[in-house]
Amino acid sequence: MGNKRRLLPQLLPLIPPVEGRFVDLFAGTGCVAVNAQAGRKIVNDASPYLTGLLRTIRDTGPNSFVRQVYGLISEYDLDNLNESKFYTLRDRYNTNHDPVALYTLLLFAINSLFRFNSRGEYNAPKAPGPRQYASKLDCLPGYHQALQQTRITGLDYSNIDLNVFTPHDFVYLDPPYENTTAPYNTTWSIEDANRVRGLADRLNQHNIGFGYSNLLTSKNQTNVSLETWAKTHNYTMYRLERNYSNCFKTRKTYPADQEIYVTNRPPHGNNQQNTQKNKEVTP
């Protein structure tokens, strides 16, 4: 959840080529960073479970990683609709914290949830019915290759030192959305959101490019403070199209959310608000 993969065809054309470092500060899977045009890339996330998984994918031969995943699927008979084997593997992961086991669990968890409790235990439930995972595993070699040129860090956003950046760098900010209740942002507050927008303002004051993703409208409620912030600072705001065909059934009863991308470095110097779908490109 929160992955930008489906928005990449719209998002990537809005990010200018970066001479210096492309820093994905709330990276998640890092799919934006690995597809961006930049000389150097930094994928950062505060979750040690996630950065540990990304480093394992990067540092393990892709064929070996895939074989290990298929081995766990076979060993725990995860294609069987009996849920008990999934929870047996989950217990094993919570004992030894093997990143390959975590990735395997994500393939079979409901909505591929990346969720941990206060004790640091992975606690997402199994998805009902059979899972289609072969295409995801087929993508791993390319993902592994893209991560080879990527530095992976695990800093909290509040500990970022702006003095390490230059005007040649670009910082992408995709924090949890304060107007949703997704499991990964239950501890995220309005104060956190304002601090991240304050960080974007400081980047702008230092002539450092940034891009900021968020929801403008969710369940018919508009995030007025977000809209006011973007307009007050004369940042460029792009509206992105998104659908929720694969989300929870209760979520489908609402109109589509309005996701936006705000930046101080629009491509080609375009400073006009864009409300149209951008031309799709292959990431």
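Notes on the structure in this doc start here. (Residues numbered from 1 in each chain as written. Predicted model: local features only at pLDDT ≥ 70, side-chain atom pairs only at ≥ 80, totals over all residues. Heavy atoms only, no water.)

1. Brief notes about the overall build of the chain
On a plain count of helices and strands, the chain comes out with 9 helices and 8 strands. The burial tally for the chain puts 48% of its 283 residues in the buried class. Considering only contacts in the chain between residues 6 or more positions apart, those separated by 24 or more positions represent 68%. Taken as a whole, the chain presents about 14,300 Å² of accessible surface, with 48% of it coming from carbon and sulfur. (Helix = DSSP H or I, 4+ residues; strand = E, 2+ residues; numbered from the N terminus. Buried < 20%, exposed > 50% of the residue type's maximum accessible area, 1.4 Å probe, protein only. Contact = heavy atoms within 4.5 Å. Areas by Shrake-Rupley, 256 points an atom, 1.4 Å probe, with all protein chains shown as cover.)

2. Focus on the environment of Phe116
Counting through the fold element by element, Phe116 comes out in the loop between α6 (99-108) and α7 (134-147). Sequence separation of Phe116 and Tyr49 is 67 residues, and the distance between their C-alpha atoms is 9.2 Å.

3. Section: unusual backbone geometry
If you check the backbone angles, Asn111 has positive phi at about 55 degrees while not being a glycine. Topologically, Asn111 is positioned in the loop between α6 and α7. Using a relative accessible area of 26% as the deciding quantity, one classes Asn111 as partly exposed. With phi around 50 degrees, Ser112 is a residue other than glycine that occupies positive phi space.

4. Here we look at α6
α6 sits mainly inside the fold: 9 of its 10 residues count as buried. When α6 is considered as a whole, its buried residues turn out to be Val100, Ala101, Leu102, Tyr103, Thr104, Leu105, Leu106, Leu107 and Phe108. In the core, the buried residues of α6 are packed alongside α3 (48-59), α4 (62-75), α5 (84-96) and α7. The N-cap of α6, judged by a side-chain oxygen 3.2 Å from the amide nitrogen of Val100 a few residues on, is Asp98. (Polar contact = N/O pair within 3.5 Å; in protein donor to acceptor, adjacent residues only side chain to side chain.)

5. Some points on the environment of Asp156
Mapped onto the secondary structure, Asp156 falls in the loop between β3 (150-153) and β4 (170-173). Taking the C-alpha atoms as reference points, Asp156 and Ser47, 109 residues apart in sequence, are found 8.7 Å from one another.

6. A few points about the packing of aromatic side chains
Counted by the stated rule, this structure contains 19 aromatic pairs. Ring geometry for Phe210 and Trp229: centres 6.4 Å apart, planes at 35 degrees, overall tilted. Of the two residues, Phe210 is situated in strand β5 (residues 209-218) and Trp229 in helix α9 (residues 224-232); the sequence distance between them amounts to 19 residues. On the numbers, 5.0 Å between centres and 90 degrees between planes, the contact of Phe210 with Tyr235 is edge-to-face. Highlighted residues: Phe210 in strand β5 and Tyr235 in the loop between α9 and β7 (236-240), separated in sequence by 25 residues. For Tyr235, a relative accessible area of 8% corresponds to the buried category. An aromatic cluster is built from Phe22, Phe170, Tyr172, Tyr238 and Tyr261, whose rings are joined through pairwise contacts. (Phe/Tyr/Trp six-rings, centres within 6.5 Å; stacked < 30°, edge-to-face > 60°.)

7. Quick look at the packing of α4 against α6
Look at α4 against α6: their axes get within 9 Å of each other, and the N-to-C directions meet at 60 degrees. Note that α4 runs across α6; the crossing there is right-handed. The residues of α6 that touch α4, namely those facing Phe65, Gln68, Val69, Leu72 and Ile73, are Val100, Ala101, Tyr103, Thr104, Leu107 and Phe108. In terms of residue class, the contact of α4 with α6 is made up of 9 nonpolar, 2 polar and no charged. (Axes fitted to C-alpha atoms, helices over the stretch in contact; angles between N-to-C directions. Left-handed = near helix turned anticlockwise from the far one by under 90°. Nonpolar A, V, L, I, M, F, W, Y, C, P; charged D, E, K, R; others polar.)

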